[in-house]
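# Tertiary structure, described
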Amino acid sequence: MNFAEAETLAARAVAMRDLPEDVPSPCTSVCRMDRLSGFCEGCLRTIPEIAGWSKMEDDARRGVWRAIELRARAGIWRVPEIPGIPETSGDHDA
C-alpha cells in the first residue's frame, strides 16, 4: 500500500458512514497479511475483522470501516523496516 492507495481507502471509508444498510466489504482482493502490522495489505483489516465480516450487522461493519479510515489516515500501515529482519510483503513506503 502506498499513500495514494491509503487515501483512496480512507475516502471509501468516509463514504460508508451514511449507508443505511448493505454496507459493502472493504476487500480489494489483495488478501495478504502484513506480518509486522497484522493488517491486510489491501483493506487494512485484521484477521478477526475479515473472518467476522459475514456475521456482522451493518453498524459493526461501519465500525470496521471507521477503523480502516483511521488506520489509513494515521499511516499505521507503514511499518518501519527493522534492521536484520527482511521484509516479506508489500511496499510499505512506496
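Scroll up to find the structure.
Below is a summary of the structure that appears in this document. (Residues numbered from 1 in each chain as written. Predicted model: local features only at pLDDT ≥ 70, side-chain atom pairs only at ≥ 80, totals over all residues. Heavy atoms only, no water.)

## Things to note about the pattern of salt bridges
Should their charged atoms come close, side chains of opposite charge can pair. Per the stated rule, a full pass over the model turns up seven salt bridges. Residues Arg73 and Glu7 are paired through a salt bridge, measuring 2.9 Å at the closest nitrogen-oxygen approach. Pair noted here: Arg73 is in helix 3 (residues 58-74) and Glu7 is in helix 1 (residues 3-16), with a separation of 66 residues, a long-range link. Assessed through its relative accessible area of 45%, Arg73 is described here as partly exposed. (Salt bridge = Lys/Arg side-chain N within 4 Å of Asp/Glu carboxyl O. Helix = DSSP H or I, 4+ residues; strand = E, 2+ residues; numbered from the N terminus. Buried < 20%, exposed > 50% of the residue type's maximum accessible area, 1.4 Å probe, protein only.)

## As for the packing of helix 1 against helix 3
Packing of helix 1 against helix 3 brings their axes to within 8 Å, and their N-to-C directions diverge by 150°. With respect to each other, helix 1 and helix 3 are oriented roughly antiparallel. The element helix 1 and its partner helix 3 pack so that their crossing is left-handed. Across the interface between the two elements, Ala6, Glu7, Leu9, Ala10, Ala11, Arg12, Ala13, Val14 and Met16 from helix 1 touch Arg62, Trp65, Ile68, Glu69, Ala72 and Arg73 from helix 3. The class makeup of the residues in the contact of helix 1 with helix 3 is 10 nonpolar, no polar and five charged. (Axes fitted to C-alpha atoms, helices over the stretch in contact; angles between N-to-C directions. Parallel < 35°, antiparallel > 145°, perpendicular 65-115°, else oblique. Left-handed = near helix turned anticlockwise from the far one by under 90°. Contact = heavy atoms within 4.5 Å. Nonpolar A, V, L, I, M, F, W, Y, C, P; charged D, E, K, R; others polar.)

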